[in-house]
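Coordinate analysis (summary)
Listed below are the residues making up each chain.
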Amino acid sequence: MKRLLFLLPMPLLLIALWPPAAQGQDGVKRGLELYARLCAISHGAEGRGDGPAAFLLSPKPRSFARGEFRLVTTRNGVPTDEDLLRVLEMGMPGSAMPPWDRLTEADRKLLVGTIKGFWRADLF
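I will try to describe carefully the structure that is included in this document. Here the structure is a predicted model, which is why all the values come from computation and not from measurement.

Examining unusual backbone geometry
- Note that the residue after S58, namely P59, is joined by a cis bond; omega there is 0°.
- Summarising the element assignment, P59 is placed in the loop between α4 (40–43) and α5 (81–90).

See below:
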């Protein structure tokens, strides 16, 4: 495990070392695996909107690291977990992001934690 931590980019390292209490270490690992498999192609390995396919997409993928969220219900622009879950369930209208409603609710919640972790990691 120590070798793996040295290979992770800094935001992922911070997530791995500081897991949200509700997810636990196994949940963080599962969330990162889901993100890598389903989201990183567009949003990038560090959630910066610079994945390998990003140049092909219009509109460009959001940068989670900069806190770029569009469909939020709050006045301050910070999405609630429910906001992020809704986007995962329904996709992003007018973009290439598909709905991920075929994932279990538990997996979607793990992805929400991972996405929020990219944003928090940039605050350090």
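Some words on the packing of aromatic side chains
- Under the criterion given, the structure shown has 4 aromatic pairs.
- Between Y35 and F64, the aromatic rings sit 6.5 Å apart at their centres with planes inclined by 65°, giving edge-to-face as the arrangement. Here Y35, found in helix α3 (residues 24–38), pairs with F64, found in the loop between α4 and α5; they are 29 residues apart in sequence, far enough to count as distant. In this pair, the class of Y35 matches that of F64, namely buried.

About the criteria used
Residues numbered from 1 in each chain as written. Predicted model: local features only at pLDDT ≥ 70, side-chain atom pairs only at ≥ 80, totals over all residues. Heavy atoms only, no water. Helix = DSSP H or I, 4+ residues; strand = E, 2+ residues; numbered from the N terminus. Phe/Tyr/Trp six-rings, centres within 6.5 Å; stacked < 30°, edge-to-face > 60°. Buried < 20%, exposed > 50% of the residue type's maximum accessible area, 1.4 Å probe, protein only.

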